[in-house]
Amino acid sequence: QVQLVESGGGLVQPGGSLRLSCAASGFTFSIYRMSWYRQAPGKERDMVASITSAGGITRYAASVKGRFTISRDNAKNTVYLQMNSLKPEDTAVYYCKAVGGSPYRPDYWGQGTQVTVSS
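Owing to the predicted nature of the structure, the values given are computational and were not obtained by experimental measurement.

Asker: Lay out the overall build of the protein chain with the relevant residues and their values.
Answerer: In terms of helices and strands, the protein chain carries 0 helices and 11 strands. Across the protein chain, helices and strands are ordered from the amino to the carboxyl terminus as β-β-β-β-β-β-β-β-β-β-β. Here the protein chain has a C-alpha radius of gyration of 14 Å; the compact-globule value for 119 residues is 14 Å, and the two agree. Along the first, second and third principal axes, the C-alpha set of the protein chain runs to 45 × 30 × 25 Å. Accessible area of the protein chain: about 6200 Å², with a carbon and sulfur share of 47%. Here the protein chain contributes 13 positively and 7 negatively charged side chains, and the mean placements of these two sets differ by 5 Å.

Asker: Describe the side chain of Ser35, and please don't skip the residues or the numbers.
Answerer: Secondary-structure assignment places Ser35 in strand 4 (residues 33–39). Accessibility expressed as a relative area gives 1% for Ser35, which makes it buried. Once you skip the residues sitting within four places of it in the chain, Ser35 turns out to touch Met47, Ala49, Ser50, Tyr95, Cys96, Lys97 and Val99.

Asker: Lay out the layout of surface pockets with the relevant residues and their values.
Answerer: Rolled over the atoms, a probe sized like a water molecule indicates the empty space that remains. In this model, the largest pocket occupies a volume close to 150 Å³. Forming the walls of the largest pocket are Arg38, Gln39, Ala40, Lys43, Glu44, Asp46, Glu89, Thr91 and Ala92. Per-class residue counts for the lining of the largest pocket are 2 nonpolar, 2 polar and 5 charged.

Asker: Give a description of the sheet that holds strand 1 (residues 3–7) that names residues and reports values.
Answerer: Strand order in this open sheet of 4 strands is 1-3-8-7, and the pairing throughout is antiparallel. Lying at the two open borders of the sheet, with one neighbouring strand each, are strand 1 and strand 7 (68–73). Between one strand axis and the next, the sheet turns through 15 degrees on average, direction left out of account. Here strand 1 runs beside strand 3 (residues 18–25); their pairing, made up of 5 bridges, is antiparallel.

Asker: Any details on the state of the cysteines? Residues and values, ideally.
Answerer: Tallying each qualifying case throughout the model produces 1 disulfide. Note on cysteine connectivity: Cys22 is disulfide-linked to Cys96, with sulfurs 1.9 Å apart. In this structure, the disulfide formed by Cys22 and Cys96 twists by about 40 degrees around the S-S bond and is classed as right-handed. Note that Cys22 is positioned in strand 3 and Cys96 in strand 9 (residues 92–99), a separation of 74 residues in sequence. The exposure classification of Cys22 matches that of Cys96, with both residues buried.

Analysis parameters
Residues numbered from 1 in each chain as written. Predicted model: local features only at pLDDT ≥ 70, side-chain atom pairs only at ≥ 80, totals over all residues. Heavy atoms only, no water. Helix = DSSP H or I, 4+ residues; strand = E, 2+ residues; numbered from the N terminus. Rg over C-alpha atoms; globule rule 2.2 N^0.38 Å. Areas by Shrake-Rupley, 256 points an atom, 1.4 Å probe, with all protein chains shown as cover. Lys, Arg positive; Asp, Glu negative; His and termini not counted. Charge placed at Lys NZ, Arg CZ, Asp CG, Glu CD. Buried < 20%, exposed > 50% of the residue type's maximum accessible area, 1.4 Å probe, protein only. Contact = heavy atoms within 4.5 Å. 1 Å grid on protein atoms, 1.4 Å probe; cavity = no way out; pocket = protein on both sides within 12 Å on 5 of 7 lines; lining within 4 Å. Points joined across faces, edges and corners; volume = space filled by probe spheres on them. Nonpolar A, V, L, I, M, F, W, Y, C, P; charged D, E, K, R; others polar. Pairing = 2+ DSSP bridges. Axes fitted to C-alpha atoms, helices over the stretch in contact; angles between N-to-C directions. Disulfide = S-S within 2.5 Å.

Take a look at the structure:
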C-alpha cells in the first residue's frame, strides 16, 4: 500500500539545522511532484517547498526562502527538506505530500513529523 514516512524532526535551538526525510513506497515516486507542508497549532496547513518530478524546479514559501532546501533522490524514493537558520516560528508539524493532481493520480500525505524550535 501507499506509504509516505517522514523522519528527522525534533527539538532544535534557534539558529540550528534539521534535515527531514520522507520515504515513499507503493506508488511511482519518480513521476510525482513532491511538496513539504507544515501546520502550526491553530493555523492552516501551508506549503513550505515543492520540487518537480525530476528535481529540476523548486519553489519555496517566502518565509523559508534562502533557509530551506528541498531535494529528492528518485533512486531511493525519498524527498528531503534541509532546514537551516531555524526560528521559533518554524515550529510546526511537517508533512510531505505526493502531488498527483488528477483523479487518475491521487495525492498522498505522510503522517507528519514534529519540529520544535526553542531555547
